[in-house]
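# Reading the structure
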Amino acid sequence: MREIGVGVVGLGNIGVTHVRAFMNVKGAKLVAVVDTLRERADSIAKMYGVKSYYTLEDLLRDSEIELVSIATPSYLHAPQAIYAMEYGKHVIVEKPMDITLRGAKTMIERARKNGVKLGVVFQQRFADDVQYLKKLIDEGALGKLFFLSAEMMWWRSEKDYYFKDELARSWRGLWLTEGGGAITNQGIHYVDLLIWLGGGRVEEVIGLIDRLTHPNIEVEDIALGMFRYMGGHLGNIVATVSVQPQDAQYTKIKVFGDEGYAEIHDRNLAVLKTVKGVEAGVKKVEEGAKETLRQPPTLHQKMFQSFVDALLEDRDFPIPGEEGIKSLEVIKAIYLSSKLGQRMKLPLDIDMVI
Ligand SMILES: NC(=O)c1ccc[n+]([C@@H]2O[C@H](COP(=O)([O-])OP(=O)(O)OC[C@H]3O[C@@H](n4cnc5c(N)ncnc54)[C@H](O)[C@@H]3O)[C@@H](O)[C@H]2O)c1
């Protein structure tokens, strides 16, 4: 069986999740890792028995590598992905795919031009209950959708997250490097799910953002968005990293159709009520499900497996760049709407990093 050689770029919180996940993906062979922190690159490489590099260029010159998985700070995504694609590599990139729409559009265009595949990490789509709900919606079990809603009520502290160490300080909490706060870094998963579950297209957005409980960061710690989907139905989201006490954190997604209603609590389908009485295996939300969904390695593994399968069978990636950019565009529209006090029509013809 042919194996796809993989290189992982950036070995921080999530890069290590990429490494572990790829070790378990069939048809993939982890070949090398790269991090500008040499000790980090060397120790992970040693632990997993792979090559260690300290510059992206050295990794890209490695002809054993066909697929590059990027898990560096968000402002590096477009430059590194474009560089990798110029070397003819397929690319998987963490969310947000870039901090600017222009960067994201260039990535999509370069993937097409160079005949390589570009995929974006939205692992929450691969949670069993989320997949099940998507299937129910597509089969019409909830009828015609009229409203979708998401709440991401999380906590990230200045001390232990934004300013945890020198590396965190170097990019977190800043517009020019993180590209935004609660909704760009964390809430984007739920923006993506709302768009995907709601049929894939949003046409107008109203937003309001603020920074209310983190005085020393630049970016927002709360964001509210309201939108209208193409097709006429409505959606909204609140994403915050200000919730106290910490054990009060939760995430909810609600989907309302004219024949049914469903709720996802964290990763679990917690409510399903339909007029026709679909008796779904609605799972009880277990105590353990209260964990916040920061790094679920099994979801990354499932997602990478489907990406590698697509490469081996020469199909499109399940979440290509064209999908990955949708949530970024809605988020930029939320920021612009908040700043300008206007309702934004999509596609946006302006870009911004505040
Ligand atoms: N999908 C998810 O659930 C999820 C979770 C966490 C983070 N992320 C995303 O992953 C990305 C990384 O986040 P993190 O929390 O792991 O960050 P991090 O700061 O913990 O790690 C970043 C790593 O990249 C390395 N690095 C920096 N510049 C580099 C370069 N030029 N070349 C190679 N390596 C370089 C750093 O030394 C560090 O080891 C972000 O875009 C974030 O949004 C996604």
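In this numbering scheme, every chain counts its residues from 1 along its sequence in written order. Two thresholds apply to this predicted model, a pLDDT of at least 70 for residue-level local features and 80 or more for giving and counting side-chain atom pairs, whereas whole-chain, interface and lining totals are computed over all residues. Working from all heavy atoms in the structure, the side-chain values ignore hydrogens and water.

## Notes on the sheet that holds strand β10 (residues 234–240)
By this definition, two strands are paired if DSSP reports at least two bridges between them. The way it works is that DSSP assigns letters per residue, a run of H or I at least four long becomes a helix, a run of E at least two long becomes a strand, and they are numbered from the N terminus. If you trace the 8 strands from one edge of the open sheet to the other, you get β13-β12-β11-β7-β10-β9-β8-β14, paired in mixed fashion. The open sheet terminates on both sides in strands that have one partner only, identified here as β13 (268–274) and β14 (344–345). Where strand β8 (residues 202–210) and β14 come together, 2 bridges link them in antiparallel fashion. The residue of β14 that forms the bridge with Glu 204 is Lys 345. Contacts are assigned to residue pairs that have any heavy atoms within 4.5 Å of one another. Angles shown run from 0 to 180 degrees and are taken between the N-to-C directions of axes, each axis being a line fitted to C-alpha atoms and, for helices, limited to the stretch in contact. Against the sheet, helix α11 (residues 188–197) touches β7 (145–153), β8, β9 (222–229), β10 and β11 (250–257), its axis set at about 165 degrees to β7.

## Structural notes on the site of the ligand
Only a single heavy atom is needed: when it lies within 4 Å of a molecule or strand, its residue is near that molecule or strand. With respect to spatial proximity, 28 residues lie near the ligand, and among them Asp 35, Arg 40, Ser 74, Gln 123 and Arg 172 are the closest. Whenever a nitrogen or oxygen atom comes within 3.5 Å of another N or O atom, the pair is scored as a polar contact, on the condition that within protein one atom can donate a hydrogen and the other can accept it, and that pairs from neighbouring residues in sequence are kept only if both atoms are in side chains. Between the ligand and Asp 35 there is a distance of 2.6 Å, counted from an oxygen atom to a side-chain nitrogen or oxygen. Contact between the ligand and His 189: an oxygen atom at 3.2 Å from a side-chain N or O atom of the residue. In the complex, 90% of the free accessible area of the ligand, which totals 850 Å², lies under the protein chains. Looking at the shell around the ligand, the elements with two or more residues in it are α1 (13–23), α4 (77–86) and α8 (166–171). Split by residue class, the shell around the ligand holds 10 nonpolar, 12 polar and 6 charged. Here, Shrake-Rupley sampling with a 1.4 Å probe gives the accessible areas, and only protein chains in the shown set may cover a residue. By the convention adopted, Pro, Cys, Tyr, Trp, Phe, Met, Ile, Leu, Val and Ala count as nonpolar, Lys, Arg, Asp and Glu as charged, and the other residues, Gly among them, as polar.

## A look at the packing of aromatic side chains
Think of a pair of aromatic rings as described by two things: how far the centres are apart, and how the planes are tilted against each other in angle. Only Phe, Tyr and Trp rings are paired, with Trp represented by its six-membered ring, and only when their centres lie within 6.5 Å; those with planes under 30 degrees apart are stacked, over 60 edge-to-face, the remainder tilted. In this structure the tally under the stated criterion is 10 aromatic pairs. Here the aromatic rings of Tyr 161 and Tyr 162 are separated by 4.9 Å at their centres, their planes lie at 90 degrees, and the arrangement is edge-to-face. When its relative accessible area of 16% is taken as the criterion, Tyr 161 is described as buried. Taken together, a centroid distance of 4.4 Å and an interplanar angle of 15 degrees make the contact between Phe 256 and Tyr 261 stacked. Accessibility here uses a 1.4 Å probe with only protein chains present; expressed as a share of the type maximum, an area under 20% marks a residue as buried, one over 50% as exposed, and anything in between as partly exposed. You can call Phe 256 partly exposed: its relative accessible area is 22%. Grouping aromatic residues by their ring pairs yields a cluster made of Phe 146, Phe 147, Phe 256 and Tyr 261. Sitting over a ring, as applied to charges here, requires NZ of Lys or CZ of Arg to be within 6 Å of the ring centre and within 35 degrees of the ring normal. Sitting above the plane of the Tyr 161 ring, Arg 156 keeps its charged end 5.4 Å from the centroid. The cationic tip of Lys 252 hangs over the ring face of Tyr 250; the distance from NZ or CZ to the ring centre is 5.1 Å.

## Concerning unusual backbone geometry
Where the residue is not glycine, phi is negative for most of them; where a peptide bond is considered, it is trans in most cases. Omega for the peptide link from Lys 95 to Pro 96 comes to -20 degrees, which places this bond in the cis form. With respect to the helices and strands, Pro 96 occurs in the loop between β5 (90–93) and α5 (101–114). Residues Leu 346 and Pro 347 are joined by a peptide bond in cis, for which omega reads 0 degrees. Mapped onto the elements, Pro 347 comes out in the segment after β14. If you check the backbone angles, Asp 266 has positive phi at about 50 degrees while not being a glycine. For Asp 266, a relative accessible area of 11% puts it in the buried group. For Asp 314, which is not glycine, the phi dihedral falls at a positive 50 degrees. Tracing the chain through its elements places Asp 314 in the loop between α12 (297–312) and α13 (321–340). Given a relative accessible area of 61%, Asp 314 falls into the exposed group.

## Some details on the domain arrangement of the protein
Domain borders in the structure are assigned automatically or taken from a domain database. In terms of domains, the protein is made up of domain 1 (4–123 + 299–320) and domain 2 (125–290 + 327–345). Spacing between the C-alpha centres of domain 1 and domain 2 amounts to 25 Å. With 20 residues of domain 1 at the interface, the matching set in domain 2 holds 23 residues. Summed over both partners, the interface of domain 1 with domain 2 comes to about 1800 Å²; 65% of that surface belongs to carbon and sulfur atoms. Simply put, the buried area is the total loss of 1.4 Å probe accessible area from both parts when two parts are fitted together. Interface area lost by domain 1 to domain 2 is led by Ile 99, Leu 101 and Phe 122, which between them contribute 31%. By salt bridge we mean one thing: a side-chain nitrogen of Lys or Arg within 4 Å of a carboxyl oxygen of Asp or Glu. Where domain 1 touches domain 2, the interface holds 1 salt bridge.

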